[in-house]
Amino acid sequence: MDKFERITIRKMVTPSLYLQGKGAIYYLGQKAFTFGDKAYVVGGSTALEVAGDRIKKSLDSNGIEVVGWRDSVKDCTHATINRLAEEGKHTKAHFVVGVGGGRAIDTAKAVAWKMNAPAISVGTQCATNADASAESVVYTEDHRYLETLVLPRNPVVVIEDTEIIARAPVKFLIWGMGDALSTKFESEAFAKARDKKKDAEVPPTAALALADSCYRSLMEHGQKAVTDLKNGIHSHEVDEVIEAVKLSSAMAFENTGCALAHALHNGLTRTGQVRGEHGEIVAYATIVQAVFENRPRDDVRHLVSWCDRVGLPTRLKYFGEPSKSALRMAAEHAADKDANSKNMPDKMRPSEILEAIDKVERGAF
Ligand SMILES: [Zn+2]
């Protein structure tokens with residue numbers, strides 16, 4: 001090989017099995033049995049109140065013993081992960097079942113890794129795309145972002161029972177869509193950056209296709225899914241959105257990378273003047289990224305009007321009007337201090353990000 005030849009590796013990681021549908025939770029035991037007959041269940045309290053009986057029933061009817069049951073996971077901290085992993089080792093469990101939203105599932109995945117056991121995810125709401133990924137976001141004891149652990153493998157089984165997810169408050173689905181919305185923009189920026197810098201793995205085309213399919217699905221089905229859920233209707237559109245968030249966005253972001261939208265989200269939350277859920281802030285920051293990139297005007301307008309229709313924030317006033325100096329701080333963080341900023345194709349200047357924010361605020365795009 002020529003010593004100047006560029007070596008490009010395309011890498012894709014995925015869960016071994018993804019199951020989504022009404023009553024999918026009843027397949028848990030049957031699918032988990034391949035990995036042993038001793039389960040350690042780790043979940044949030046609401047999640048296990050809602051899904052706990054069905055989980056026990058499914059495990060029990062497949063001859064799987066529940067050797068550990070932790071139903072009060074609130075935050076994914078190193079202390080919680082270490083404590084639960086120690087406990088899990090004593091139970092001699094063969095696998096860990098994480099049940100709930102992002103924090104409980106992220107905790108369970110990290111616990112499984114420390115136990116050197118497979119993780120199984122059972123999602124109970126749609127605010128997060130954590131269930132299928134091989135990452136755990138760790139927080140400090142006072143709820144601030146600490147780090148993202150990249151785990152050696154994905155959960156082996158991911159179960160999304162849409163009947164349970166559809167009964168969770170609709171705001172969760174809206175937040176999940178807000179987070180998933182960023183995937184197309186960020187993965188495309190990431191691909192351009194890797195191509196330009198020629199310094200690492202390049203994302204597979206398959207991951208970019210998933211990001212695109214996620215975005216199309218949100219645009220096509222998002223509004224009806226929200227309306228239907230508000231009216232208590234579990235429609236085809238609801239299932240499409242759940243798949244876009246839980247599968248397509250998860251596999252796309254994990255096999256590409258975050259970029260300006262998440263860098264700006266992180267910058268905004270660090271100011272202490274921006275109050276909002278992760279998915280809400282990411283949705284707004286995605287609009288900023290689209291404007292920053294000079295995407296076609298019609299595309300940006302379509303994106304903004306979709307956010308308005310589904311109830312995602314399109315102006316800073318939704319978060320409490322941060323001051324000019326706070327915005328500057330956020331832009332400075334997003335431009336080069338945040339790790340995700342390296343995934344943009346060109347070096348960013350804070351003034352350019354501020355300009356994009358200003359355009360979004362004035363509707364001048
Ligand atoms: Zn996110």
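Rules used throughout
Residues numbered from 1 in each chain as written. Predicted model: local features only at pLDDT ≥ 70, side-chain atom pairs only at ≥ 80, totals over all residues. Buried ≥ 20, exposed ≤ 12 C-beta atoms within 10 Å, placed from the backbone. Helix = DSSP H or I, 4+ residues; strand = E, 2+ residues; numbered from the N terminus. Pairing = 2+ DSSP bridges. Axes fitted to C-alpha atoms, helices over the stretch in contact; angles between N-to-C directions. Contact = placed C-beta atoms within 7 Å. Parallel < 35°, antiparallel > 145°, perpendicular 65-115°, else oblique. Left-handed = near helix turned anticlockwise from the far one by under 90°. Nonpolar A, V, L, I, M, F, W, Y, C, P; charged D, E, K, R; others polar. Right-handed = clockwise from strand over helix to strand, strands pointing away. Domains from an automatic or database assignment.

Caption draft 1: Up close: the pairing of strand 8 (residues 157-161). Here strand 8 lies mainly inside the structure; five of its five residues are buried. Going residue by residue along strand 8, you find Val-157, Ile-159 and Asp-161 tucked away on one face and Val-158 and Glu-160 tucked away on the opposite face as well. Relative to strand 8, strand 1 (residues 17-21) runs parallel, the two being bridged by five bridges. Considered in strand 8, the bridge of Leu-17 is made with Val-157.

Caption draft 2: The arrangement of the sheet that holds strand 1 in detail. Taken in spatial order, the six strands of this open sheet run 1-8-5-4-2-3, and their pairing is parallel. Two strands in the sheet have a free side with no partner beyond their single neighbour: strand 1 and strand 3 (65-70). Direction aside, neighbouring strands of the sheet carry axes that sit 15 degrees apart on average. Note: strand 4 (residues 95-100) against strand 5 (residues 119-123), five bridges, orientation parallel. Across the sheet, Val-97 pairs through a bridge with Ile-120, a residue of strand 5. Against the sheet, helix 3 (residues 78-91) engages strand 2 (38-43), strand 3 and strand 4, with an angle of about 165 degrees to strand 3. Taken strand by strand, helix 8 (residues 236-254) contacts strand 1, strand 5 and strand 8, and its axis lies near 160 degrees from that of strand 1.

Caption draft 3: A look at the environment of Lys-196. Position of Lys-196 relative to the elements: it lies in helix 6 (residues 170-197). Along the backbone, Lys-196 and Met-344 are 148 residues apart, and their C-alpha atoms lie at a distance of 9.9 Å.

Caption draft 4: Up close: the packing of helix 3 against helix 4 (residues 102-115). Viewed as axis vectors pointing N to C, helix 3 and helix 4 meet at an angle of 50 degrees, and their least axial separation amounts to 9 Å. In terms of their interaxial angle, helix 3 and helix 4 are classed as oblique. Here helix 3 runs over helix 4; the crossing is right-handed. Contacts between helix 3 and helix 4 involve Thr-80, Ile-81, Leu-84, Ala-85, Gly-88 and Lys-89 on the former and, on the latter, Thr-107, Ala-110, Val-111, Lys-114 and Met-115. Of the residues in the contact of helix 3 with helix 4, the class split is six nonpolar, three polar and two charged.

Caption draft 5: Main features of the pairing of strand 5. With respect to burial, strand 5 is a largely interior element, five of its five residues being buried. Regarding topology, helix 4 serves as the crossover connection from strand 4 to the parallel strand 5, and that connection is right-handed.

Caption draft 6: Broad picture of the domain arrangement of the protein. Under the domain assignment used here, the protein contains domain 1 (17-167) and domain 2 (170-362). Between domain 1 and domain 2, the C-alpha centre-to-centre distance is 27 Å. Taken together, the contact between domain 1 and domain 2 spans 17 residues of the former and 21 residues of the latter. Within the residue set of the side of domain 1 that touches domain 2, elements represented by two or more residues are strand 1 and helix 5 (162-167). Here the side of domain 1 that touches domain 2 gets three residues from one element, more than from any other, and that element is helix 5. Here the residues of the side of domain 1 that touches domain 2 sort into seven nonpolar, seven polar and three charged.

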